[in-house]
Amino acid sequence: MRHVLIVANQTLVGSHLHERVEHILAVDPETRFHIVVPATGANGPDPARALAGARRRLSQAFEALDDIGARVTGEVGPAHPIVAVNLAIDRLNPDLIILSTLPAGASRWLHLDLPHRLQRRFGVPVEHVSAETQTVDRAGTFEPPVVHTPDDTVHVLLAEENQHDVDVITMALAEAGTRNQLRVAHDGANALAFMRAVGPSEIDLVLFDLKLPVVSGFDLLAETRAADEFDKVMMVALTTDEAADDRARAYDLGADAFVMKRPDYSQMAHVIDDLLAEVAG
C-alpha cells in the first residue's frame, strides 16, 4: 500500500490535483493520501482568517476526493510549508510527496525552490503539479507584516558584489515582516572573515551570490559547511542563472536553498520575507 503526502493551499481544490489523484488510484486503488495545508498568513494579525481559509479548502478537498473513492486524511499546518511537512512526515512515512502550486511566475513556493528543498530535506520523491491561475482560490491568503519582539531578530549576512542587488535586498529586508539585522560583505573573502570573527551566534542566515569575487560563492559555501560551528546557519545561494549543474553543485555542497534573483521587486521581497520567516521558525 502506497502513502502519498499532498502539500497545497491555494491550489488544493484545483482540477489538476484531482486528476493526478485519479491517475494514482487507477494504478493502485489502495493508495492512501494525507493532505497538509500550510496555513499561509497564520503568522499575521488575522490568523483566524488564514486558518479558516485553509480549513475550508481542506474540507472541500475531502469531499472532492471522497467522491472518487480516495482514502484521505489531512491537517492544517504552520504557515511555512517545510515546517508543516516536517511536523507531519515522521508520522506518515510517505512514498511520495505531491506539491501543488500556482504557476511558476506567481508561486512564492517555487521562488523558494520548494520542490528541490523538500526532496533533499526529507529524502522522499517530490512531484510538482501546477494549477492554472484562473482555478486558484485566493481567499484567506493575505500576509500583512508581523510584529516581533527583539529576541526574534534574525541576523543576516549578505555576500553580494552588485550594488543594485544589495540595494534591492536591503530594501526587502527593511520591509520584511520578521525583525532582522543586516551585515553586507562585497566579496567571499570578507564574508568568510566576518563569519569567523563573529561566530555562529551572530549569524542566522547567509544570502550569497554564487559568482562572488576573490572567494566564489561555491567556495564560501564549502568553507562554511566544513566548519561544524556553522552547521545551523541557513545558507541560501542567489543567482541570475538557473543552471541545473549550479543547482546540483550548490545543494551537494550544503546549500539550504537555491534562489533566483527576481527582476520584479515584489517577488524578491516575498522570497526574502519567506526565508526570514523560515529561519525565525
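Whatever comes next refers back to the structure up there.
Parameters and conventions
Residues numbered from 1 in each chain as written. Predicted model: local features only at pLDDT ≥ 70, side-chain atom pairs only at ≥ 80, totals over all residues. Heavy atoms only, no water. Pairing = 2+ DSSP bridges. Helix = DSSP H or I, 4+ residues; strand = E, 2+ residues; numbered from the N terminus. Axes fitted to C-alpha atoms, helices over the stretch in contact; angles between N-to-C directions. Contact = heavy atoms within 4.5 Å. Buried < 20%, exposed > 50% of the residue type's maximum accessible area, 1.4 Å probe, protein only. Polar contact = N/O pair within 3.5 Å; in protein donor to acceptor, adjacent residues only side chain to side chain.

A. Representation of the sheet that holds strand β1 (residues 3-7) in the model. Here we have 5 strands laid out as an open sheet, ordered β3-β2-β1-β4-β5, and parallel in their pairing. The sheet terminates laterally at β3 (71-77) and β5 (126-130), the two strands that pair on one side only. Adjacent strand axes in the sheet meet at a mean angle of 20°, parallel and antiparallel pairs treated alike. In this structure, strand β2 (residues 32-38) lies alongside β3, joined through 7 bridges in parallel fashion. Note that in β3 the partner of Val-36 across the bridge is Glu-75. Across the face of the sheet, helix α3 (residues 81-92) comes into contact with β1, β2, β3 and β4 (96-101) while running at roughly 150° to β2.

B. Quick look at the side chain of His-34. Along the polypeptide, His-34 turns up in strand β2. The exposure class assigned to His-34 is buried, which follows from its relative accessible area of 8%. Within polar-contact distance, the side chain of His-34 engages the side chain of Thr-73 at 2.6 Å. Contact partners of His-34, with chain neighbours within four places excluded, come to Val-4, Leu-5, Ile-6, Thr-73, Gly-74, Glu-75 and Leu-92.

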